[in-house]
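# Reading the structure
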Amino acid sequence: MAVDAAGRGPPRIVPVIDREQVLHVARLSRLRLDDDEVETMAGELSGILEHVDRIRGLDLEGVEPTSHVVHLENVLRADVPWQSMPPAVALAAAPEPFDGAFRVPSPQADAD
Amino acid sequence: MPDTALEAVIGLEIHVQLSTRTKMFCGCELSFGDDPNVHTCPICLAHPGVLPVPNEEAIRYALKIGMALGCEIAPRSIFHRKNYFYPDNPKAYQISQYDIPICGAGKLGDIRITRAHLEEDAAKSIHLGDSGRIHGSGASLVDFNRGGTPLVEIVTEPDLRGAAEAAEWARLLRETVRQLGVSDVNMEEGSLRVDANVSVRPAGSTELGTKTELKNMNSFRFLQRGIEAELERQRELLGAGGTVEQETLHFDPASGELTSLRSKEEAHDYRYFPEPDLVAIAPTEALLAEARDSLPELPAARTARYEAELGLDEAQARLLAGDPEQAGYFEAVVAAVGEGAEPRVVANWVTGELTAALRASEDAERPEPGVLADLIGAVASKQVSHAGGKQVLAILVADRDADVAEVVEREGLAQMGGDDGELAGIVAAAIAGDPAAAEQIRSGNGKAIGAIVGAVMRETGGRADGGEVNRLIREQLGL
Amino acid sequence: MADLLDLTVAEAAAKIAAGEISADEYGAAWRAAAAGDELNAYLWTADGADALETDWNGDGESAPAGEGDATPYGSNAPAPAASGPLAGIPIAIKDIFTTQGIPTTAGSRILEGYRPPYTASAVRRLTAAGAHVLGKTNMDEFAMGSSNENSAYGPVLNPWDRGRVPGGSSGGSAAAVAGGLAPAALGTDTGGSIRQPASLCGIVGLKPTYGAISRFGMIAFASSLDQCGPFTRDVTDAALLLGVLQGKDPLDSTSVGIEGGIALPTREDLAGLRFGVPRELGEATLDAGVRAVFEATVARIEELGGQIVEITLPHAEHGISAYYVIAPAEASSNLARFDGVRYGLREAGDEDLIEMYERTRSEGFGAEVKRRIMLGTYALSSGYYDAYYGQAQKVRTRIAQDFDTAFAEVDFVITPTSPSVAFGLGAKTDDPLAMYLNDFFTVPMSLAGIPAIALPAGLAAPEDGGAGAPQLPVGFQIAAPAFAEQKLLDAAHALEGALGFAAAVGDALPWKGGARA
Ligand SMILES: [Mg+2]
Ligand SMILES: [Zn+2]
């Protein structure tokens, strides 16, 4: 590793992400990975998570999480209509425009 | 054999489309029935780089709904992202509220509200039939006009104990929201959508059974029938020793069948997290006051007031409270009648005789409250019989200038009393005309009196006072 | 013509306003320079490629937003205003900003050929001030990277040494300015993506306070961290651009603007200012040459009257960990919209919906983007949220508190910008974690949302270069409390004058002919 500025002692043993988890997360992400990619991904994610895992050991009980550094409230918009796009513009970039709408393959029939 | 000892446990989730002018997070106009994709912009099509800005009016409407449902209003609420892929969900996340909704716990009638939160509606997908097939597989067309419409989702506790009760409560909710003027609440058009969480458990148990979710029933009748069908299915299943599986079901009102909507995909994992593109909503005192002041008296409160203050029974009170215009009219008549009649009697006239009279003709109109009050007073003081009063009313609804006393006079509807002997004579003739009935009455069959009374009423054209006729018959028969 | 290209933006704008040089000539000179790009810095240039007809409201007019426009986001592509502080100045725009009718890819295959229907607010602010879009610059795909090797359109070369990376993710913008292909450029910084490439390319890069500049139209990577900022040759130009760019935008709920605006800095000394050096720096791994330049710069600060104070940022060492949870988590959600339905790539045949999604996204995204989507999805998924995302947000709180504590005692916090000078192409591509650690010094400020500027402070020999390798620029980072940009720019201006970097390097500066030749 060229730089290990954050290195503090030996890395702790952490559970690595396995094939099954990689496949589950890929499904949630709508990504398709071939077998090699699954293998590589499992290794890389494990390495990153091993580093990231250092924060799991920190005692941060009672600390407020920061999801935002901006402390604004009630930034709202008046209920006044603006001009919408002409349908031709709305559909200009569509991979498959059809009859003024966006055509997509249907989800598979749901019946089990 | 379904086990009817299994108690129904039902909770509802209601999506209310708000009738703001523009969408929740962009300025595109709301519409219904326009050409596809004419109300879209980079924001509601989720083009790269766009950001949402919430519609202030939608916040106001949500506050009104929360207040009408007696909800605690959160001093500070935030939006979350609910992540899932679907063509009608252009960002692949829905901006919704999660652990800190704008409206918390509340109550409508006897049913506890868990929460009411703000979110955005999905777009509309139309499935193409065979004609639109691409190489043998189905296709859908997506129209984003509806995408981003502001929604308030109302969730109840599982406090409902039957299909009819659920449908009735949903009607009360609809009426309540309608009176707020914040939604069209039209189930067929989808501006009100009711999903039901249904489970059963041994009566008296406090534990909850496994629930199923019934989706998108587009009328109250179907809601009730869907829940009934699902309750029956669950009771049969458990009665036969089976178990209920947690799933989402679709009720087909035509066939009465329930079909599972569960997808083959892995269970949903929405990965909620705070929406970083939005800041918190912290309703100001002014915003709260504005919402509070704009609340009309709502059906539940009005019903309670009519029962407590006017002595109406519950059914009558609820009937009036469900129609604010009629309720307002009723209150005006009560005020005009004053001591002249009981509010209960006024309520009967307004919801009964007047409604029937109005239905008789398209041009019929409600008389001025004072005019109806005159009529009710006249009947109560026996100047006109009840039947005569109905005839007067038929004239009043057709002629807005008519005056009660004048109509009574003109139509000769003044009630016949016992003083002038005319009524006594008619009674005597009626007895003479039906000796068999007279004999039955004498021998103790009280019901037979109806035949003689009927004859008298026919003869007098309904002007006779029923009580007086009864008295005269008994007197003349020596009873 | 070379004279024209040697002017800073402030100088050129003044001369154009005074009628001393022609805006047309000046613009043409830059378009010609950009067209001669050999660094792969540009993905689109105004010279040669046409913008698409974009008058979509049919009024036949192109007007800056706000002037008779039907929408606040602009229904017409903005035309440069005739006058304004940037009248006649061409500016290179990172390809992460939407530009109506002009291809916008964010460095990704999934947006190949995409021409947005609207223009980013930051770009609108530039054009409303009279600037022109000179071109769209190459970048790491969706701003994910520190070397610009993650672009679907090939790596950008460092103008100081074409065998090395320019840094990332705004590598194209940094290389364009450093290489004499643009007088200034727009970039974005999520964890260091302006400051690190500025450092590796020897120019000035400013990451303003989160909320100072609108994010509307900036293709989101990590929404709570992304911030737009300028690349310039000097601090004065950075101030000039920030003054134009900053401001509250009704289309961005999280935008604030900078109260009072930004004036051009004139300060020449640092008397009375306190500079905090994190104690933790002593233990940090960084190149000896980088450390030497840092120490020399600290000495300069003292010569200028500034006071050096030791401070502590005890949680900064966890910045990378928190960042590599928060940023991928937000990214996994932000990048979910690339689904092949409404725009961009679709890989589809007759398969069903889920297959279409998976094929489109698998073909459209590069390896690093997939890695981060996977990481972020994992961190948000059921059962892991509290351990990763929740915990990272708490670390973020601690880091912000550390800065608050430090700023109670000092005016600025100073560090090196990057632990090394520009590294060789391909040197770190096999080790994602090593690549992530490039952001060690820049990530804490991003997490805290505070402004920081990277200044070229000197040269150092690369440790991987062997004997006789050319000296490469080393950046110096100054961070300030939220919205203290004016103070930050004033101090940076004073230090820049004392360091005299450009004068010291002289003709070896790539923008003085090196890459342009
Ligand atoms: Mg919902
Ligand atoms: Zn819209």
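Residues numbered from 1 in each chain as written. Chains lettered and ligands numbered in written order. Predicted model: local features only at pLDDT ≥ 70, side-chain atom pairs only at ≥ 80, totals over all residues. Heavy atoms only, no water.

### Notes on the overall build of chain A
- What chain A contains, in helices and strands, is 3 helices and 2 strands.
- Scanning chain A from its N terminus toward the C terminus, one meets helices and strands in the order α-α-α-β-β.
- When burial is assessed residue by residue, chain A has 42% of its 112 residues classed as buried.
- For chain A, the exposed surface amounts to about 5800 Å²; the carbon and sulfur share of it is 52%. (Helix = DSSP H or I, 4+ residues; strand = E, 2+ residues; numbered from the N terminus. Buried < 20%, exposed > 50% of the residue type's maximum accessible area, 1.4 Å probe, protein only. Areas by Shrake-Rupley, 256 points an atom, 1.4 Å probe, with all protein chains shown as cover.)

### Re the coordination of the zinc ion (ligand 2)
- In the first shell of the zinc ion (ligand 2), the protein supplies Cys26 of chain B (SG), Cys28 of chain B (SG), Cys41 of chain B (SG) and Cys44 of chain B (SG), at 2.3 to 2.4 Å from the metal.
- For the zinc ion (ligand 2), the 4 donor atoms in the first shell make angles of 100 to 114 degrees at the metal, so the coordination geometry reads as tetrahedral. (Donors = N, O, S within 2.8 Å, 3.2 Å for Na, K, Ca; no water. Tetrahedral: all angles 85-135°; square planar, octahedral: opposite > 155°, others 65-115°.)

### Re the interface of chain A and chain C
- On the chain C side, the residues contacting the 59 residues of chain A number 77 residues.
- A combined buried area of about 6300 Å² lies between chain A and chain C, and 68% of that area is made up of carbon and sulfur atoms.
- A per-residue breakdown of the area chain A buries against chain C is headed by Arg30, Arg32 and Ile55 of chain A, which together make up 11% of the total.
- Scanning the region where chain A abuts chain C turns up 4 salt bridges.
- Here arginine 371 of chain C ties to glutamate 44 of chain A by a salt bridge, and the two come within 2.6 Å at their closest N and O atoms.
- In this assembly, chain A and chain C are joined by 19 residue pairs in polar contact (both at pLDDT 80 or more).
- Of all the elements in the fold, those that place two or more residues in the side of chain A that touches chain C are helix H1 (19-29), helix H2 (35-52) and strand E2 (101-105) of chain A.
- The element best represented in the side of chain A that touches chain C is H2 of chain A, accounting for 9 residues.
- Along the lines of polarity and charge, the residues of the side of chain A that touches chain C split into 37 nonpolar, 11 polar and 11 charged. (Contact = heavy atoms within 4.5 Å. Buried area = accessible area lost by both parts, 1.4 Å probe. Salt bridge = Lys/Arg side-chain N within 4 Å of Asp/Glu carboxyl O. Polar contact = N/O pair within 3.5 Å; in protein donor to acceptor, adjacent residues only side chain to side chain. Nonpolar A, V, L, I, M, F, W, Y, C, P; charged D, E, K, R; others polar.)

### Some words on the interface of chain B and chain A
- In this complex, chain B contributes 58 residues to the contact, which on the side of chain A involves 36 residues.
- Taken over both partners, the interface formed by chain B and chain A buries close to 4000 Å², and the fraction arising from carbon and sulfur atoms is 57%.
- Viewed at the interface, chain A and chain B are joined by 1 salt bridge.
- For glutamate 73 of chain A, the salt bridge is made with arginine 76 of chain B, and the minimal N-O distance between the two is 3.5 Å.
- Here chain B is connected to chain A by 22 residue pairs in polar contact (both at pLDDT 80 or more).
- With 4 residues, strand E7 (residues 139-143) of chain B is the single largest residue contributor to the side of chain B that touches chain A.
- The residue inventory of the side of chain B that touches chain A, partitioned by class, reads 31 nonpolar, 13 polar and 14 charged.
- In terms of strand pairing, E2 of chain A meets E7 of chain B through 4 bridges, oriented antiparallel. (Pairing = 2+ DSSP bridges.)

### Regarding helix H12 (residues 422-433) of chain B
All names here are of chain B.
- Between its first and last C-alpha atoms H12 spans 17 Å; for 12 residues at 1.5 Å apiece the expected length is 16 Å, and the two agree.
- Listed in full, the buried residues belonging to H12 are Leu423, Ile426, Val427, Ala430 and Ile431. Across the axial projection of H12, the buried residues extend over an arc of 140 degrees, all falling on one side. Opposite the buried face of H12, at more than 90 degrees from it, the exposed residues are Ala429, Ala432 and Gly433.
- The elements touched by buried residues of H12 are helix H13 (435-442), helix H14 (449-460) and helix H15 (466-476). (Expected span 1.5 Å × (residues − 1). Arc of directions from axis to C-beta.)

### A few points about the coordination of the magnesium ion (ligand 1)
Residues and elements named next belong to chain B.
- Protein coordination at the magnesium ion (ligand 1): the donors are His15 (NE2), Glu119 (OE), Glu119 (OE) and Glu153 (OE), at 2.0 to 2.8 Å from the metal.
- One chain supplies every donor to the magnesium ion (ligand 1), and in sequence these donors are spaced H-x103-E-x33-E. Here histidine 15, found in strand E1 (residues 6-17), pairs with glutamate 153, found in strand E8 (residues 150-156); they are 138 residues apart in sequence, far enough to count as distant.
- You can call histidine 15 buried: its relative accessible area is 14%.
- The exposure class assigned to glutamate 153 is buried, which follows from its relative accessible area of 10%.

### Focus on the side chain of histidine 39 of chain B
Residues and elements named next belong to chain B.
- With respect to the helices and strands, histidine 39 occurs in the loop between E1 and helix H1 (56-68).
- Since its relative accessible area comes to 13%, histidine 39 is described here as buried.
- Of the polar contacts made by the side chain of histidine 39, one reaches the side chain of serine 31; its length is 3.4 Å.

### Things to note about the pattern of salt bridges
- All chains considered together, the criterion is met by 56 salt bridges over all chains.
- In this structure, arginine 164 of chain C and aspartate 161 of chain C form a salt bridge, with 3.0 Å as the shortest nitrogen-oxygen distance.
- The network of salt bridges with common partners includes Arg81, Glu275 and Asp277 of chain B together with Arg215 and Asp252 of chain C.

### Here we look at the domain arrangement of chain B
All names here are of chain B.
- For chain B, the assigned domains read domain 1 (6-292), domain 2 (299-411) and domain 3 (422-476).
- For domain 1 and domain 2, the distance between their C-alpha centres works out to 40 Å.
- Tallying the contact residues gives 7 residues for domain 1 and 6 residues for domain 2.
- Both faces considered, domain 1 and domain 2 share a buried interface measuring about 490 Å² in area, 58% of it formed by carbon and sulfur atoms. (Domains from an automatic or database assignment.)

### Topic: the confidence of the model for chain A
Residue and element names in this part refer to chain A.
- Predicted confidence across chain A gives a mean pLDDT of 83, with 82% of residues reaching 70 or more.
- Across chain A, the secondary-structure element scoring lowest on mean pLDDT is helix H3 (residues 87-90), at 89, and the one scoring highest is H1, at 95.
- When the criterion is pLDDT under 50, residues 1-14 qualifies, and its contacts beyond four places in sequence or with other chains add up to 31 contacts. (pLDDT = per-residue confidence, 0-100.)

### Comments concerning the sheet that holds strand E1 (residues 97-98) of chain A
- The 4 strands lie next to each other as E1(A)-E2(A)-E7(B)-E6(B), forming an open sheet whose pairing is antiparallel. Because the sheet does not close on itself, it has two edges, and the strands there are E1 of chain A together with strand E6 (124-127) of chain B.
- By the bridge criterion, 2 bridges tie E1 of chain A to E2 of chain A in an arrangement that is antiparallel. Its bridge partner lying in E2 of chain A, phenylalanine 98 of chain A is registered against alanine 101 of chain A.

### Brief notes about the environment of arginine 76 of chain B
- With respect to the secondary-structure elements, arginine 76 of chain B resides in the loop between H1 and strand E2 (80-83).
- Note on arginine 76 of chain B: relative accessible area 44%, which makes it partly exposed.
- For the pair arginine 76 of chain B and glycine 239 of chain B, spaced 163 residues apart in the sequence, the C-alpha separation amounts to 47 Å.
- Residues contacting arginine 76 of chain B, with those up to four places away along its chain left out, are Glu73 of chain A together with Ile100, Ala280, Ile281 and Ala282 of chain B.

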